[in-house]
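# Commentary on secondary and tertiary structure
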Amino acid sequence: MDLPPFLLDHWLAKHSFATPPIAYDLASSTGPKWTVGELLALGDGTGLDDTVLSYAPSEGGRALREAIGTFLGVDPDWVVVTLGASEAFSILLCAAARPGTNVVLPSPGYPAFDPMAGVWGLGVRHVRLSRDNGFRQHAADVLDAVDESTVFALVNTPHNPAGTIMPRDGIEELAAALHRKGVPLVVDEVYHPLYFGKPQPSAASLSNVIAMGDMSKAMSLAGLRIGWLVERDPQRREKMIDARSYFTISSSPLLERLAVHALANRDVLLTRLQAVAGENLVALSDFMDRVSDVLAWARPAGGTVCFPWFRDGRDSRPFCEALAANGVLVAPGDCFGMPEHMRLGFALLRPEKFSQALGIFERILREG
Ligand SMILES: Cc1ncc(COP(=O)(O)O)c(C=O)c1O
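Just so it is clear, the model here is predicted, and its values are computed rather than measured. (Residues numbered from 1 in each chain as written. Predicted model: local features only at pLDDT ≥ 70, side-chain atom pairs only at ≥ 80, totals over all residues.)

## Looking at the sheet that holds strand β6 (residues 185-188)
Judged by pairing direction, the sheet is mixed, and its seven strands sit side by side in the order β2-β8-β7-β6-β5-β3-β4 without closing on themselves. Only two strands of the sheet have a single partner each, and these edge strands are β2 (79-82) and β4 (123-128). When the angles between neighbouring strand axes are averaged without regard to direction, this sheet yields 25°. The pairing of strand β5 (residues 150-156) with β6 spans four bridges and is parallel. The partner of Val155 across the bridge, within β6, is Val187. Sheet contacts for helix α3 (residues 62-72): β2, β7 (209-214) and β8 (227-230); angle to β2, the most-contacted strand, approximately 115°. (Pairing = 2+ DSSP bridges. Helix = DSSP H or I, 4+ residues; strand = E, 2+ residues; numbered from the N terminus. Axes fitted to C-alpha atoms, helices over the stretch in contact; angles between N-to-C directions. Contact = placed C-beta atoms within 7 Å.)

Written out as structure tokens, the structure is:
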């Protein structure tokens, strides 16, 4: 199967990775960036000098699995380290794919989900999230989409691109109901634990849940390319570790070591993210009020992104191009199959820069 062009990454490649990069990046979905120097300056150092540059174990080094287990409140033995949540998702698909089977995925959703399921020969059954009810993910809708050939159902909370969350009781109810159907629930929680209301625990400790997470989003360390699966079932875990051996053998021990150090200092990383995202969200809410004659949105309950749309239904790409020409980058909704929307990230830029970007956004919106 041919993979379709990854429109979101093309857009980011053209603008964020340009020389010089775009002045105001509101298209990316991570928090404020960290340099290696800033990370190493936290805590008591990493002992990086003694790192042996060999392979790491395929399931991940013990120290990293313990650090992830502590972060999520689960047995470290359940953790399988991966190259980002991207590899974690491929491992799930590879392990589940059989002729005639399908997976249940949210729509809209992270753009890699559908094409990657297709590449592994899996059918896709969508749970359509409606903006009319704030893109909420309901257990009943997921259950409706499951049939006798479903190998897993996935919810993404906090959600990319909508920023909605599925509350804990909804996840528990769904995991239990799916268990009765013999279908595991995959919870993609890469934006955990960034919530703007009541804090939520990780879903990793729930039975019948396979949790997927990473260092890219809440820790804002996408360059470590470290992710994980949390799977309590030893047989299924063994298959995942085998898949990893085939796919990439292991992560880099150097990056694993940095990830252990980052997790040991996660309070600093998360506090900075929460402060930037929280302050920017206040400015963004004011902005959305001011432009509510043109744009509508569902206020995010967690994560780093939201998914506003043009009330008149116009395609957002020409506007996004005009905005980019003025130094502000948001991602066109067609990257997510919904052209009248745009994805706006509010956690990367410091509040002062973020407010400047919103000022330019408003000017271009009014001029157009
Ligand atoms: C919901 C979701 N899942 C998975 C990923 C993959 O991220 P990574 O491979 O950096 O862990 C992303 C990246 O944007 C995402 O938004």
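## Some points on the domain arrangement of the protein chain
By a widely used convention, the size of an interface equals the accessible area lost when the partners come together. Looking at the assigned domains, one finds that the protein chain contains domain 1 (7-36 + 267-363) and domain 2 (54-265). The gap between the C-alpha centroids of domain 1 and domain 2 is 25 Å. With 31 residues of domain 1 at the interface, the matching set in domain 2 holds 28 residues. For the side of domain 1 that touches domain 2, the secondary structure elements donating two or more residues are α10 (266-290) and β10 (305-306). If one sorts the elements of the side of domain 1 that touches domain 2 by residue count, α10 sits on top with nine residues. Considering only residue class, the side of domain 1 that touches domain 2 consists of 19 nonpolar, nine polar and three charged. (Domains from an automatic or database assignment. Nonpolar A, V, L, I, M, F, W, Y, C, P; charged D, E, K, R; others polar.)

## Considerations on helix α12 (residues 351-367)
Helix length check: α12 (17 residues) gives 24 Å between terminal C-alpha atoms against 24 Å at 1.5 Å per residue, within 8%. Of all the residues in α12, the buried ones are Phe354, Ala357, Leu358 and Phe361. Projected down its long axis, α12 carries its buried residues within an arc of 100°, all on one side. Away from its buried face, by an angle of more than 90 degrees, α12 presents the exposed residues Glu352, Arg366 and Glu367. (Expected span 1.5 Å × (residues − 1). Buried ≥ 20, exposed ≤ 12 C-beta atoms within 10 Å, placed from the backbone. Arc of directions from axis to C-beta.)

## Thoughts on the environment of Trp228
By the element assignment, Trp228 lies in strand β8. The spacing of Trp228 and Leu83 is 145 residues in sequence and 7.7 Å in space, taken between C-alpha atoms. Contacts of Trp228, omitting those with residues within four sequence positions, involve Ile68, Val79, Val80, Val81, Thr82, Ala88 and Gly213.

## Points about the sheet that holds strand β14 (residues 342-345)
Judged by pairing direction, the sheet is antiparallel, and its three strands sit side by side in the order β10-β14-β13 without closing on themselves. Strands with a single pairing partner mark the edges of an open sheet, and in this sheet they are β10 and β13 (331-332). Pairing between β13 and β14: two bridges, direction antiparallel. The partner of Ala331 across the bridge, within β14, is Arg343.

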